[in-house]
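These are the residues of each chain, in order.
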Amino acid sequence: MSIIFFVLPKQQKKYIILTKEIADKLCITAGDKMKQYLEVGKLNNTHGIKGELKMMLWCDDIDYLKQFKVLYLDDSGKTPVKVLSVRAQKNFAILKLEGVDSIEKAETLKGKVLYGNRDDAEIDENANYIADLIGCYVVDVDTEEEYGKVVDVLNYGSCDIYDTESWGKHKLIPATPDIVKEINTEYKVIRIKAMKGLFDED
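Conventions we followed
- Residues numbered from 1 in each chain as written.
- Predicted model: local features only at pLDDT ≥ 70, side-chain atom pairs only at ≥ 80, totals over all residues.
- Heavy atoms only, no water.
- Phe/Tyr/Trp six-rings, centres within 6.5 Å; stacked < 30°, edge-to-face > 60°.
- Helix = DSSP H or I, 4+ residues; strand = E, 2+ residues; numbered from the N terminus.
- Lys NZ or Arg CZ within 6 Å of the ring centre and 35° of its normal.
- Salt bridge = Lys/Arg side-chain N within 4 Å of Asp/Glu carboxyl O.
- Buried < 20%, exposed > 50% of the residue type's maximum accessible area, 1.4 Å probe, protein only.

### Describing the packing of aromatic side chains
Each pair of aromatic rings is reported with the distance of its centres and the angle of its planes.
Next, step 1: This structure, assessed with the given rule, holds three aromatic pairs.
Next, step 2: Ring geometry for Tyr64 against Tyr129: centres 6.4 Å apart, planes inclined by 70°, an arrangement best described as edge-to-face. Here Tyr64, found in helix 2 (residues 62-65), pairs with Tyr129, found in strand 8 (residues 127-129); they are 65 residues apart in sequence, far enough to count as distant.
Next, step 3: Between Lys54 and the ring centre of Phe92, over which it is positioned, the NZ or CZ distance is 5.2 Å.

In C-alpha cells form, the structure reads like this:
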C-alpha cells in the first residue's frame, strides 16, 4: 500500500478528539500502535552499470523520499541500508545505496520493497498516511452511527476514496470536505456528514 497523503483544506479545523463514549463504543484505545515503517517504493530495475537502482515511487513525490538518509529492506527496521543519493527520472526515482556498487549487486535487490521510518520524515500537519487511515471506523458526525471500517484508500484523480467495509459489504466514500468532517488517526475514527444518496442501495 502506498503512502500517498490526504490533505484536508486549510479552512477546516485540525483533527478534533472524538468523545470518549464513541471510542468506548468502538473499543478503541488512544495511542494504539501505528505502523512505524512505511512502504516508500519498489526497486523494479537496475540503472546503469555502477549499482544504481530504479524505484517505483509509492509515496507522493521525490522530495518526500529525499528526506530519508536510511531506508530498510523489511517492515520491522531490522535491515537498514544507507541512501547515498536520490534523483528523479520521470515518475521513478534513481537510488544509489551504500554497498551496492555494481550491476551484479543491484540485480540482487530487484523486486525488493523499501521502507522508511516515519520518524525520519515530515509531512504536512493536516496530512495523513494511508497506512493510518486504513482500519479507521467511519462514524456519522451527527448521529454517531458507525458505517464500517476503512479497508483501502483509492484515488482515481479527483479525490481520495475510502473503501469502507461493513458486514461483508463495501461502500465507497469520497474524501471531500463536504463529507469528511473530522479525522482522528489516534483513535482510528473518521467522522463524516452522510450526504443524501451516499449510502443508497444499488
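Now that the structure has been shown, we can carry on.
### Quick word on the pattern of salt bridges
Next, step 1: Applying the stated criterion to the full structure yields seven salt bridges.
Next, step 2: Ionic pairing is found between Arg118 and Asp132, a salt bridge with its closest N-O pair at 2.7 Å. Of this pair, Arg118 sits in the loop between strand 7 (113-117) and strand 8 while Asp132 is found in helix 4 (residues 130-133), placing the two residues 14 residues apart along the sequence.
Next, step 3: When its relative accessible area of 16% is taken as the criterion, Arg118 is described as buried.
Next, step 4: By relative accessible area, which is 5% here, Asp132 ends up buried.
Next, step 5: Between Glu182 and Arg191 there is a salt bridge; the shortest N-O distance is 3.5 Å. Across the pair, exposure class does not vary: Glu182 and Arg191 are buried alike.

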